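Take a look at the letters that make up each chain.
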Amino acid sequence: MRVLNTEQMREADRRTIEDIGLPSIVLMENAGRQTVAAMEAAFDALGSSRVAVLCGRGNNGGDGFVVARTLAQRGVESLVFLLGSVAEVKHDARVNLEVLGRIGMTVIEITNAQEWELHFSEISECDVIVDALLGTGFRGRLTGLLETVVADVNELGVPIVAIDLPTGLSADTAEL
């Protein structure tokens, strides 16, 4: 398996979009659907599972919206949580967020620690968690609400499926 760093991933995406002509929204759709395919291969009881999909406001969150929709289409109960507000979601991620609304899926906004505390009990009752918070472009250290969310989720002891890489992990170094 080939592992790409941040710059290599950006270049691969750019070449696919600009040189080959495949729209970025198609890449997002493929990422989400392939994540679900990997989940189906990894979890025998996925069909009867309850899945929490934790989404960020960017493209990684957009991948998560596709995952949630695809799971719902396959009859898997999925709960969607957005770390941030709907108004902050832009571009292709926004398109996929709006699709969730059109098919009747609720997206729960979590903008502060109190809202996280309120909804964490729902997340803790799930069988699988999808980490679609941050992608390969993240740099630095997790702080504030994001640091709390990652710590709380990691302590649950349930399987976590990360899109691209686990939130907080660098795509460029071995450091957390």
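Structure shown above.
A brief look at the structure comes next. Sequence order as written defines residue numbering, which begins from 1 separately in each chain. This being a predicted model, a pLDDT of at least 70 is required before a residue's local features are given, and a value of 80 or more before pairs of side-chain atoms are given or counted; all residues contribute to the totals for chains, interfaces and linings. Computation of side-chain values: all heavy atoms of the structure, hydrogens and water removed.

This brings us to the environment of leucine 145. If you trace the backbone, leucine 145 turns up in helix H6 (residues 144-155). Looking at leucine 145, the relative accessible area reads 24%, which means it is partly exposed. Spatially, the C-alpha atom of leucine 145 lies 33 Å from that of aspartate 44, the residues being 101 residues apart in sequence. Throughout, a contact is declared for two residues whenever any of their heavy atoms are within 4.5 Å. For leucine 145, the contacting residues outside a window of four places in its chain are Ile110, Thr111, Asn112, Ala113 and Trp116. Helix and strand labels come from DSSP, where a helix needs a run of H or I of at least four residues and a strand needs a run of E of at least two; each type is numbered from the N terminus. Throughout this description, buried means an accessible area under 20% of the type-specific maximum (1.4 Å probe, protein chains only), exposed means over 50%, and partly exposed covers the range between.

By definition here, a salt bridge exists when the distance from a side-chain nitrogen of Lys or Arg to a carboxyl oxygen of Asp or Glu is within 4 Å. Applying the stated criterion to the full structure yields eleven salt bridges. Between arginine 50 and glutamate 77 there is a salt bridge, with its nearest N and O atoms 3.0 Å apart. Linking arginine 50 in strand S1 (residues 50-55) with glutamate 77 in strand S2 (residues 77-83), this pair joins segments that are 27 residues apart in sequence. Salt bridges sharing common partners tie together Glu11, Arg14, Arg15, Glu18 and Asp19.

Here the largest pocket is characterised by a volume of approximately 1100 Å³. For the largest pocket, the lining is made up of 38 residues, of which Asn60, Asp63, Gly135, Thr136 and Asp164 are closest to its centre. Those elements that place two or more of their residues in the lining of the largest pocket are helix H1 (6-20), helix H2 (24-42), helix H3 (59-73) and H6. In this classification, the charged set is Asp, Glu, Lys and Arg, the nonpolar set is Ala, Val, Leu, Ile, Met, Phe, Trp, Tyr, Cys and Pro, and all remaining amino acids, among them Gly, are polar. Here the lining of the largest pocket is composed, by residue class, of 17 nonpolar, 13 polar and eight charged. Looking at the lining of the second largest pocket, the elements that each hand over two or more residues are strand S4 (128-132) and H6. With six residues, H6 is the single largest residue contributor to the lining of the second largest pocket. Broken down by class, the residue content of the lining of the second largest pocket amounts to 13 nonpolar, four polar and three charged. Cavities and pockets are found on a 1 Å grid laid over the protein atoms alone: a cavity is a set of points where a 1.4 Å probe fits but cannot escape, a pocket is an open set with protein on both sides within 12 Å along at least five of seven lines, and a lining residue has an atom within 4 Å of such a point. Grid points are joined across faces, edges and corners, and a volume is the space filled by probe spheres set on the points.

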